[in-house]
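The lines below spell out each chain.
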Amino acid sequence: MAIQETTEVDGLSVPEQVSLTTGAGFWQTVEAGDIPSITMADGPHGLRKQTAATDNLGISKSEPATCFPPAVGLGQTWDHSLAQRVGAALAEEAQAADVSLVLGPGINIKRDPRCGRNFEYFSEDPLLSGAMGSAWVQGLQSRGVGASLKHFALNNQEHDRMRISSDVDDRTMREIYLRAFEQVVRDAQPWTVMCSYNRVNGVHAAQNHWLLTEVLRDEWGFEGAVVSDWGAVVDKVASIAAGLDLQMPGPDRDADAAVTAAVERSELDAAALARTATRITELARRAAQAKRAGVRVNFNAHHSLAREAAAAAVVLLKNERALLPLRPTGAIAVIGEFATEPRYQAGGSSHVNPTRVDVALDEIRAQAPRAQITFSAGFSTRAGDAEALRAEAVRHARDADTAVVFLGLSAAQESEGFDRDHIDLPADQLELLRAVLEVQPDTVVVLSHGGVVRLSNGVVSAPAVLDGALLGQAGGGAIADVLFGHVNPSGRLTESVPERIEDVPAWLSFPGERGSVRYAEGLHVGYRWYDARDMSVTFPFGHGLSYTTFDYSDLAVAADDEGITVTVTVTNSGGRAGREVVQIYTALPESEITRAVRELKGFTAVHLAAGERRTVEIRIARREIATWDTRVDAWSVEGGTYDVHVGASSRDIRLSASVKVDGDDVFVPLTLESSFAEVAAHPMAGPAIEAKLKEAGLGDTSSGSDELGMDVAKMAASIPLGRYLGQGTTGMTREFIEAVLAKANRG
Ligand code: GLC
């Protein structure tokens, strides 16, 4: 690709240009001449600005900041505007802290529930991940602070993350693992993209020219700078040649010397270095211009926003006998360590030092001042007498009208840097719940976890279950808001809940071995897998109940050159206001290629008062129903009759309709490697080959040879044409075949 001729750094020497390509420290870029240094900081759900000791694992202290719901929670809101508002609030705090770049959002696909960082990612589905990621980036950048879209790409586990090669086929790469990144780059143009630690099909992301230049820039039109993950650069010269712009952290004198020497020896194109230095210069200038001095953060308002986001993130998984919402009276036994020691975020570089933390027990007490509320830990994530803790909890539960049991994963069980090796809740918690359910039928379970946990072995027996994922510092208040009905839950699962870990798509290939992890399940990640295998799950992707009910009617679907338009009427048929997330899935049952049974292609949320109805319209752009055509390495839409499903989850399909979509004309040149069947199907080449075979007395291959009872045409169908060249009997010389192919390809 022609490299820009004139750059902004023409006036700088090679060493000065090289200095721009490496961090000045852990969080700053270099200042060079009138090019300012800029400061960056983690992290996706709260600012982690360190002013003393620095690290990229959340070990050393950071400045107090609002801890919003991590992506696992924010994702469950399925609410673009809320994600935008959180991004904007984060930017305010970044501006006030003189931070120009916030290192997020993390939008890697949740390939396997055991991945230690799934709490930092939005979903198992690329469309939902891309939509939430775009909104977050737009919100952040609207306030003059840049994003760093991460981790590009295929960083879907923590095990051996700095060396392992994510090995995946082209369609799966494009349609699942790159799709969300493409959507965010096209929709939100993040100031930076952070390349990941891992290799992609054998080549480190940090020096993967195909990924960083051919795809990210040439195809998607990315205009910003590529920043390495911290310590991801292995060969700086190769990285700059591939399209990496900023190695973090710095300084790295050896790497800089190697780059300078490579340019001087013409082993690295000076223009490539100049291009990289220019991008860093443009980033620094852009950040400097967008700086706003004197920003004063209203941390109370941000806490309220965190609480609103947290409440919207809560998923009502079960609610038998309308046990929820609770009345704020009577005897309520609050059980579980997490009711007093909230689990609201997880470990690693995203770890925030919160401005304050709501404690669920206190919030429950505040919202039910007339209730008789008891508390018992029930279990301990530290040492403790499990028997005694459980006995006390059972006693409280038995003596109460209702029990609210807080269960989940401890901070030690999930974090950046390592994966889980199972998805079960701790045995002592399951034993506690079993014992409580025995004495108290009116039991509500509240879950706190980053990665999915198995619910089929106990939790699902409770009559009411709230999935609180990880909700950030205001989660305790949000849970109380939902428990007592001040907020009608509207969250939806963004990740399937499997019956058992052995059912998950990557069961046989995660986390890989000896430097390679094969994405053997291909396209069938998450619900795509369970649907293709017609497997039961405890709760499906997109699931979430409400304190009211919604009916769907009047579905209309129309296709045009731009895509598919879906209109449907939603009615709040229950007794209170609520929010419904209307989900659109498409399918092409008669497809000629491998496909998921149905895929999320659009969604919208609608707030309705009791009895209110509204018709909503959802546009599915034509590109959304395209698949990656490996015959021509491009997106193409397959023609056919598509099923359009409108659902309250991926498995709660309320209405369906079909619509015919014209396919793209994909020109696939015929070559000597084209099969006999492919050539026979060509309107011109087919008859020509058929005639030649007849001349050679091979007659009509479409019928089997009687005495042998074989179907010759079927046997010959997949033989590449060029293999006939050696068989003189066919009369098909190379000249003849090449003439036929040339004529066919001319069209
Ligand atoms: C970490 C993470 C990345 C983070 C960076 C800086 O290792 O992988 O998400 O932004 O380093 O802390």
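Here the structure is a predicted model, which is why all the values come from computation and not from measurement.

Draft legend 1. Spatial organisation of the confidence of the model for the protein chain. In this model, the protein chain carries a mean pLDDT of 94, and residues with pLDDT of at least 70 account for 96%. Note that pLDDT drops below 50 for residues 1-6; the model gives that stretch seven contacts with residues more than four away or on any other chain.

Draft legend 2. Quick look at the packing of aromatic side chains. For the coordinates displayed, the defined rule picks out 11 aromatic pairs. Both rings, one in W628 and one in W635, keep their centres 5.4 Å apart while their planes meet at 80 degrees; by these two values the pair is edge-to-face. Look at W628 and you get buried, because its relative accessible area is 4%. Looking at W635, the relative accessible area reads 18%, which means it is buried. Put simply, the rings of W78, Y527, F541, Y585 and F603 touch in pairs and so form one group of aromatic residues. Residue placement shows R111 over the ring face of Y519; its charged tip is 4.1 Å from the ring centre. Directly above the ring of F736 sits K692, whose terminal nitrogen or CZ lies 4.7 Å from the centroid.

Draft legend 3. Spotlight on the nonpolar core. With 77 residues, the main nonpolar core has W136, F152, L154, L178 and L600 as its most contacted residues. Once residues within four sequence positions are removed from consideration, L154 is found in contact with N108, S166, V168, M173, Y177, L178, N198, V200 and Y519. Counting 64 residues, the second largest nonpolar core, distinct from the first, contains V334, V359, I373 and A480.

Draft legend 4. Quick look at unusual backbone geometry. Residue P325 is bonded to the preceding L324 through a cis peptide linkage, with omega at -5 degrees. Structurally, P325 can be placed in the loop between β10 (315-319) and β11 (331-335). With an omega of -5 degrees, the peptide bond between F510 and P511 qualifies as cis. As for its placement among the helices and strands, P511 is situated in the loop between β17 (497-498) and β18 (516-518). Backbone geometry at Q189 places phi at a positive 40 degrees, although glycine is not the residue there.

Draft legend 5. Local environment of the site of the ligand. Of all residues adjacent to the ligand, which total 15 residues, the nearest are D42, R117, H151, Y197 and D229. Within the side chain of D42, an N or O atom sits 2.6 Å from an oxygen atom of the ligand. A distance of 2.8 Å separates an oxygen atom of the ligand from a polar side-chain atom of R117. In isolation the ligand offers 310 Å² of accessible surface; the protein chains occlude 100% of this area. Its residues assigned to classes, the shell around the ligand comprises five nonpolar, three polar and seven charged.

Draft legend 6. The arrangement of the pattern of salt bridges in detail. What the rule picks out here adds up to 57 salt bridges. Of the charged contacts in the structure, one is a salt bridge between D256 and K236, with a shortest N-O distance of 3.5 Å. On the criterion of sequence distance, the pair formed by D256 in helix α9 (residues 253-264) and K236 in helix α8 (residues 236-242) is long-range, its members being 20 residues apart. K236 matches D256 in its accessibility class, with the two residues each being buried. When the shortest N-O distance is used, the salt bridge between R265 and E267 registers 2.8 Å. One salt-bridge network, held together by shared partners, links R117, E120, E158, R161 and E416.

Draft legend 7. Fine view of the side chain of R171. With respect to the secondary-structure elements, R171 resides in helix α5 (residues 170-177). A polar atom in the side chain of R171 sits 2.7 Å from the backbone oxygen of T594.

Draft legend 8. Seen up close, helix α11 (residues 299-313). Its 15 residues give α11 an end-to-end C-alpha distance of 20 Å, which sits within 8% of 21 Å, the value for a rise of 1.5 Å per residue. If you check which residues of α11 are buried, you get H302, H303, L305, A306, A309, A310, A311, A312 and A313. Two or three places before N300, at the start of α11, stands the capping residue N298, its side-chain oxygen 3.1 Å from that residue's backbone nitrogen.

Draft legend 9. Quick look at the packing of helix α4 (residues 126-141) against helix α6 (residues 179-188). Where α4 contacts α6, the two axes come as close as 8 Å, and the packing angle between them is 35 degrees. Handedness of the crossing formed by α4 with α6: right-handed. Contacts between α4 and α6 involve P126, L127, S129, G130, A131, G133, S134, V137, Q138 and Q141 on the former and, on the latter, R179, A180, Q183, V184, D187 and A188. In terms of residue class, the contact of α4 with α6 is made up of seven nonpolar, seven polar and two charged.

Definitions and cut-offs
Residues numbered from 1 in each chain as written. Predicted model: local features only at pLDDT ≥ 70, side-chain atom pairs only at ≥ 80, totals over all residues. Heavy atoms only, no water. pLDDT = per-residue confidence, 0-100. Contact = heavy atoms within 4.5 Å. Phe/Tyr/Trp six-rings, centres within 6.5 Å; stacked < 30°, edge-to-face > 60°. Buried < 20%, exposed > 50% of the residue type's maximum accessible area, 1.4 Å probe, protein only. Lys NZ or Arg CZ within 6 Å of the ring centre and 35° of its normal. Core = buried A, V, L, I, M, F, W, Y, C linked by side-chain atoms within 4.5 Å. Helix = DSSP H or I, 4+ residues; strand = E, 2+ residues; numbered from the N terminus. Near = heavy atom within 4 Å. Polar contact = N/O pair within 3.5 Å; in protein donor to acceptor, adjacent residues only side chain to side chain. Areas by Shrake-Rupley, 256 points an atom, 1.4 Å probe, with all protein chains shown as cover. Nonpolar A, V, L, I, M, F, W, Y, C, P; charged D, E, K, R; others polar. Salt bridge = Lys/Arg side-chain N within 4 Å of Asp/Glu carboxyl O. Expected span 1.5 Å × (residues − 1). Axes fitted to C-alpha atoms, helices over the stretch in contact; angles between N-to-C directions. Left-handed = near helix turned anticlockwise from the far one by under 90°.

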